[in-house]
Amino acid sequence: MISETHQRKRSRQRDKVLDAVRSTRTHPGADWVFHEVRKEIPNISLATVYRNLNLLVQSGEINEVLCDGQLRFDANKTDHFHFTCRLCKGIFDIDETRVTEPGFKLPRGYLVENVKMDFYGVCPQCQSKG
Ligand SMILES: [Zn+2]
Ligand SMILES: [Zn+2]
């Protein structure tokens, strides 16, 4: 049987992991989340952080984003696209909903229910460095 203290500890870990992902719009990876959560829970393990990230994805509280073969996490639940910069590997939110919307009919009658699209290129900061 799982004790009450144990359960409280578990939900605290989960909350801290969620807080860390929500605290940024940079779409952090598990390593970054681990680093942040350790400031509050010094003895937490990377495996626990991974487990909690997976639980949060499964419960729909955060999304996973694949960038350059790496799994990153996103607490922004509104509909948006991602722009990945090939230089700094940053992932930026693009709130451009005009591109295609659910209900939109593609030629030949395909009804769009969901759109998954990613943009790749160079972000404004990296362009100004060039
Ligand atoms: Zn960049
Ligand atoms: Zn995002």
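Cut-offs and rules
- Residues numbered from 1 in each chain as written.
- Chains lettered and ligands numbered in written order.
- Predicted model: local features only at pLDDT ≥ 70, side-chain atom pairs only at ≥ 80, totals over all residues.
- Core = buried A, V, L, I, M, F, W, Y, C linked by C-beta atoms within 7 Å.
- Buried ≥ 20, exposed ≤ 12 C-beta atoms within 10 Å, placed from the backbone.
- Helix = DSSP H or I, 4+ residues; strand = E, 2+ residues; numbered from the N terminus.
- Contact = placed C-beta atoms within 7 Å.
- Arc of directions from axis to C-beta.
- Domains from an automatic or database assignment.
- Nonpolar A, V, L, I, M, F, W, Y, C, P; charged D, E, K, R; others polar.
- Pairing = 2+ DSSP bridges.
- Axes fitted to C-alpha atoms, helices over the stretch in contact; angles between N-to-C directions.

Student: Can you break down the nonpolar core residue by residue, with the values?
Tutor: One finds Val-17, Leu-18, Ala-20, Val-21, Val-33, Phe-34, Val-37, Val-49, Leu-53, Ile-62 and Phe-73 forming the largest nonpolar core, which totals eleven residues. Elements supplying a minimum of two residues to this core: α1 (4-22), α2 (30-40) and α3 (46-58). Contact partners of Val-49, with chain neighbours within four places excluded, come to Val-17, Ala-30, Val-33, Phe-34, Val-37 and Ile-44.

Student: Summarise α2; cite the residues concerned and give the values.
Tutor: Inspection of α2 places Val-33, Phe-34 and Val-37 among the buried residues, and these make up the whole buried set. One side of α2 carries all its buried residues, which in axial view fall inside an arc of 100 degrees. Looking at α2, the residues exposed on the side facing more than 90 degrees away from the buried face are Asp-31 and Lys-39. Those residues of α2 that are buried lie in contact with α1, α3 and β2 (70-74).

Student: Can you lay out the domain arrangement of the protein for me, pointing to particular residues and giving the numbers?
Tutor: The assigned domain composition of the protein is domain 1 (4-74) and domain 2 (81-129). A straight line from the C-alpha centre of domain 1 to that of domain 2 covers 25 Å. Between domain 1 and domain 2, the residue contacts involve seven residues of the former and six residues of the latter. Looking at the side of domain 1 that touches domain 2 residue by residue, the class counts come to two nonpolar, two polar and three charged.

Student: Tell me about the sheet that holds strand β3 (residues 81-85), residues and numbers included.
Tutor: Spatially, three strands are ordered β4-β3-β7 in an open sheet, and the strand pairing comes out mixed. Looking at the sheet topology across the chains shown, the edges are occupied by β4 (91-94) and β7 (118-121). Strand after strand, the sheet turns through a mean of 25 degrees between neighbouring axes, direction not considered. Where β3 meets β7, four bridges bridge the pair, whose relative direction is parallel. Residue His-82 lies in a different strand from β7, and its bridge partner there is Asp-118.

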